[in-house]
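Topology and contacts: notes
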Amino acid sequence: TTLATDIFGQSYLPGFIGMNQLNKTDFVNVVVHALCHVRHLRDFFLVRENYSDSSSRVVQTFGALVCKIWSSRKFKGSVSPHELVQAISIASKKRFQ
């Protein structure tokens, strides 16, 4: 993997980028990063066709986040887990927020 550059000229390594900190969600960032580095899981979610038929919003938003984390064409060298956290909250009927 080679370094990529965002529009601000900052270099980053796809797969090793920052995640925006949401209210008390640092554990989510750690878990997402860990899951994104499990080779078979990462490779599955990097191909959108593998999960495009899934009706699960959690699956769809996790897949989109994996693609953003591993993209070499980013606007900036960080991503936000906000949509994934929302999808998990809704799927769990607000037990996890």
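Anything mentioned here points back to the structure above.
About the cut-offs
- Residues numbered from 1 in each chain as written.
- Predicted model: local features only at pLDDT ≥ 70, side-chain atom pairs only at ≥ 80, totals over all residues.
- Heavy atoms only, no water.
- Patch = residues over 30% accessible without salt bridge, like charges linked within 9 Å, V, L, I, M, F, W, Y side chains within 5 Å.
- Areas by Shrake-Rupley, 256 points an atom, 1.4 Å probe, with all protein chains shown as cover.
- Salt bridge = Lys/Arg side-chain N within 4 Å of Asp/Glu carboxyl O.
- Helix = DSSP H or I, 4+ residues; strand = E, 2+ residues; numbered from the N terminus.
- Buried < 20%, exposed > 50% of the residue type's maximum accessible area, 1.4 Å probe, protein only.
- Axes fitted to C-alpha atoms, helices over the stretch in contact; angles between N-to-C directions.
- Parallel < 35°, antiparallel > 145°, perpendicular 65-115°, else oblique.
- Left-handed = near helix turned anticlockwise from the far one by under 90°.
- Contact = heavy atoms within 4.5 Å.

1. Digging into a nonpolar patch on the surface
Among the surface-exposed residues, Leu 3, Leu 13 and Phe 16 lie close enough to one another that they form a single nonpolar patch of about 310 Å² accessible area. If you trace the backbone, Leu 3 turns up in the segment before strand 1 (4-5).

2. Remarks on the pattern of salt bridges
Applying the stated criterion to the full structure yields one salt bridge. The residue Arg 42 makes a salt bridge to Asp 43 at a minimum N-O spacing of 3.0 Å. Assessed through its relative accessible area of 34%, Asp 43 is described here as partly exposed.

3. Quick word on the packing of helix 3 (residues 57-70) against helix 4 (residues 82-91)
Interaxial distance between helix 3 and helix 4 falls to 9 Å at its minimum, and their mutual angle equals 165 degrees. Taken together, the axis directions place helix 3 and helix 4 in an arrangement best described as roughly antiparallel. With respect to the hand of their crossing, helix 3 and helix 4 are arranged in left-handed fashion. Taken together, the residues of helix 4 that come into contact with helix 3 (itself represented by Arg 57, Val 58, Thr 61, Phe 62, Leu 65 and Lys 68) are Glu 83, Leu 84, Ala 87, Ile 88 and Ala 91.

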